[in-house]
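Residues per chain, in single letters:
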Amino acid sequence: MELRALLGGVLLLAAAVRASQGDKEPVYRDCVKLCVRTNCTGARLRGFESSQPNYMALTGGWRNGCSRCCCFIVVIESGVVNVFSANSWTCRDDCRYHCMWTTVGLYQAEGHRVPQFHGKWPFTRFLCFEEPISALASLLNGIACLLMLLRYRSTVPRQSPMYQTITAFSLVSLNAWFWSTVFHTRDTYLTEKMDYFCASAVILYSIYLCCVRTLGLRRPTASSLVGALLILAFTSHVSYLTFVSFDYGYNMAANATIGLVNLLWWLCWCWQNRRTLPYWWKCVVVVVLLHGLALLELLDFPPLLWALDAHAAWHLSTIPVHFLFYSFLIDDSLHLLNTEKIGVKLE
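Rules behind the numbers
- Residues numbered from 1 in each chain as written.
- Predicted model: local features only at pLDDT ≥ 70, side-chain atom pairs only at ≥ 80, totals over all residues.
- Heavy atoms only, no water.
- Salt bridge = Lys/Arg side-chain N within 4 Å of Asp/Glu carboxyl O.
- Helix = DSSP H or I, 4+ residues; strand = E, 2+ residues; numbered from the N terminus.
- Buried < 20%, exposed > 50% of the residue type's maximum accessible area, 1.4 Å probe, protein only.
- Phe/Tyr/Trp six-rings, centres within 6.5 Å; stacked < 30°, edge-to-face > 60°.
- Lys NZ or Arg CZ within 6 Å of the ring centre and 35° of its normal.

Novice: Quick rundown of the pattern of salt bridges? Include the residues and the values.
Specialist: Applying the stated criterion to the full structure yields nine salt bridges. A salt bridge links Glu131 to Lys120; the shortest N-O distance between them is 2.6 Å. Of this pair, Glu131 sits in the loop between helix H4 (91-109) and helix H5 (132-155) while Lys120 sits in the loop between H4 and H5, and the two are eleven residues apart along the sequence. For Glu192, the salt bridge identified is with Lys193, shortest N-O distance 2.7 Å. The burial state of Glu192 is the same as that of Lys193; both residues are buried. When salt bridges that share partners are traced, they join Asp93, Lys120, Glu130, Glu131, Arg186 and Asp187 into one network.

Here's what the structure looks like:
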């Protein structure tokens, strides 16, 4: 997909929809065309809109057109211009959903492996949630992050050298979990990009957090320089994905590379301080767990009960990690504060 222009509250998108085996099937395409032609015009469309449950308004709403929405997307698809709200469901979306299950049924009846559709596995919709377990897991991650941030702020005095940096990192993480929840609730051009970009921001800020803790307390200029470079890297990354090409492979490779640097940096620091910091093992367990659990994504299996896939399992598995991570941050921040008070050189 490519973003052609951004003007005020209007997003103009000239896009090629992500294609997968399922949505390439003639039976699926014919089903969608027939459904749209039959249900998405005139009186049938008005009847369809009026019959939708009220909770669908949580994702933009069926009723009142796009009056509830803050911006619109113009999608040029197969030569036809369609105007959608940035987060609402449309009649065409509903046709795709039902035709997807028709196609899945045919695949299963013939003994074939369940295919993906538009880059995603088929999920059973629950209320207004496209991917209920992933959305719930993202929300729980955000709640865990918020609770531990509040605990950190109530336990660690503001005078601690890492207080402001850790608070900022927590806010960046909370923003990422918010957009992850929104994206798994409703996958649109806007919510997908916000989910990806905010996740990249967390990964880059984690490098900055590591830099400040390992170098910046003794060499503030070094951490400031690294921070400026990371801002430039993030800006370039987002600009490329937005205005040049949204390359999923490139995005994954970039994030994996930064994550690997972060892992090795923390592990080296932990090894160097294992004799002086009794809580060093918490950091090791956290960074190893986070990168190890990310391997769940490689399993990429069809959803169990049409709800739990590898991505959802990954999000669920990271919830407990917040508690150990903030336990490390609290221990370390208090250690730094006490070290500073007695005039000992910071590690």
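From this point on, the discussion continues.
Novice: Explain the packing of aromatic side chains to me, using residue names and the numbers behind them.
Specialist: Tallied over the entire structure, the rule returns 18 aromatic pairs. Note on Tyr205 and Tyr208: the rings are 5.5 Å apart at their centroids and 70° apart in plane angle, and the pair reads as edge-to-face. Placement of the pair is Tyr205 and Tyr208 together in helix H7 (residues 189-216), with a separation of three residues, close to one helical turn. Relative accessible area serves as the criterion here: at 22%, Tyr208 is assigned to the partly exposed category. Between Trp266 and Phe328, the ring centres sit 6.0 Å apart and the planes meet at 90°, which makes this aromatic pair edge-to-face. In this pair, Trp266 sits in helix H9 (residues 248-272) while Phe328 sits in helix H12 (residues 321-341), placing the two residues 62 residues apart along the sequence. For the pair formed by Trp266 and Phe328, the shared burial category is buried. Three or more aromatic residues joined by ring pairs form one cluster here, namely Phe169, Tyr205, Tyr208, Phe325 and Tyr326. The side chain of Lys193 reaches across the aromatic face of Phe246, ending 4.2 Å from its centre.

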